[in-house]
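Summary of structural features
Single-letter residue listing:
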Amino acid sequence: KEFFMKPELLATAGDMEAGYAAFSYGADAVYLGLNRFPARAEAVNFTRDELDALTAYAHSLNKKVYVALNTLVQEAELPAVLTALQECADCCVDAVIVQDMGIARIVRQHFPSLQLHASTQMAIHNLEGALTLKKWGFSRVVLARELTLREIEAIRDASGLEVEVFIHGALCYSYSGLCQFSSLETTRSANRGKCVYACRNVFRTQDG
């Protein structure tokens with residue numbers, strides 16, 4: 001049985017202006033970060049009021065907003081996570097994008113109105129990973145960028161999940177979700193939203 005879904009053009013929104021521009025130029029949805037817990041912690045990101053305004057605007061156009069809470073969260077940060085999730089629920093965002101399974105559990109138990117999207121930081125490279133996420137209540141998986149089109153198609157068809165893939169902007173050279181390069185080089189962890197993208201620097205081999 002073949003599985004079909006309408007393609008969705010999804011763009012990142014670093015701030016309000018970028019969000020409005022994305023919708024104006026044809027995006028079906030945007031993803032964005034709040035002031036805490038996005039994988040791009042040093043971007044401008046959104047306040048609660050800005051999130052509410054952009055989500056209302058998107059819904060007036062029959063478009064969607066996803067919030068990235070896709071970093072690993074420490075125990076002392078859980079109250080702040082609950083606050084962020086409550087803001088997402090109050091603003092009626094269409095989904096939250098997560099890496100930490102603890103956040104996913106909190107969403108399932110306490111914020112059932114929020115859809116769960118699995119971040120590429122979760123490093124889903126195969127069908128078994130996708131099926132596990134489906135069992136845990138995820139509706140979409142952002143597949144690892146290393147997969148081929150044939151592998152993506154097979155996972156989509158067999159899992160029945162929505163699948164999302166990068167078509168522009170993923171310039172990292174390490175495996176999705178498994179990179180420790182930034183942390184090792186500078187103590188700034190990609191899993192905490194502070195990647196320095198060291199892999200984009202110029203390198204030379206010893207014989208070159």
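Residues numbered from 1 in each chain as written. Predicted model: local features only at pLDDT ≥ 70, side-chain atom pairs only at ≥ 80, totals over all residues. Heavy atoms only, no water.

1. Notes on helix 4 (residues 101-110)
- Inspection of helix 4 places I103, A104, I106 and V107 among the buried residues, and these make up the whole buried set. Each buried residue of helix 4 sits inside an arc of 160° when the element is viewed along its axis, so together they form one side.
- Where helix 4 is buried, its residues contact strand 3 (64-69), helix 3 (78-90), strand 4 (95-98) and strand 5 (116-118). (Buried < 20%, exposed > 50% of the residue type's maximum accessible area, 1.4 Å probe, protein only. Helix = DSSP H or I, 4+ residues; strand = E, 2+ residues; numbered from the N terminus. Arc of directions from axis to C-beta. Contact = heavy atoms within 4.5 Å.)

2. A closer look at the environment of S119
- Its place among the elements puts S119 in the loop between strand 5 and helix 5 (127-135).
- Using a relative accessible area of 2% as the deciding quantity, one classes S119 as buried.
- Discounting chain neighbours no more than four positions away, the residues touching S119 are N70, I97, V98, Q99 and V142.

3. Regarding the packing of helix 1 (residues 16-24) against helix 2 (residues 48-60)
- The N-to-C vectors of helix 1 and helix 2 enclose an angle of 10°; their axes lie 11 Å apart at closest approach. If you check the angle between helix 1 and helix 2, you find them roughly parallel. Between helix 1, through M16, G19, Y20 and F23, and helix 2, the contact on the second element is made entirely by E50, A53, L54, Y57 and A58.
- Taken together, the residues of the contact of helix 1 with helix 2 sort by class into seven nonpolar, one polar and one charged. (Axes fitted to C-alpha atoms, helices over the stretch in contact; angles between N-to-C directions. Parallel < 35°, antiparallel > 145°, perpendicular 65-115°, else oblique. Nonpolar A, V, L, I, M, F, W, Y, C, P; charged D, E, K, R; others polar.)

4. Describing the packing of aromatic side chains
- All told, the structure shown has two aromatic pairs when counted by the stated rule.
- Ring centres of Y20 and Y57 lie 4.9 Å apart, and the angle between their planes is 85°; on these two criteria the pair is classed as edge-to-face. Remark: Y57 occurs in helix 2 and Y20 occurs in helix 1; sequence separation between them is 37 residues.
- Pairing F23 with Y57 gives two aromatic rings, centres 6.2 Å apart and planes at 55°, and the pair type is tilted. Taken as a pair, F23 in helix 1 and Y57 in helix 2 lie far apart in primary sequence, 34 residues in all. (Phe/Tyr/Trp six-rings, centres within 6.5 Å; stacked < 30°, edge-to-face > 60°.)

Remember that the coordinates give geometry; whether it matters functionally is a separate question.
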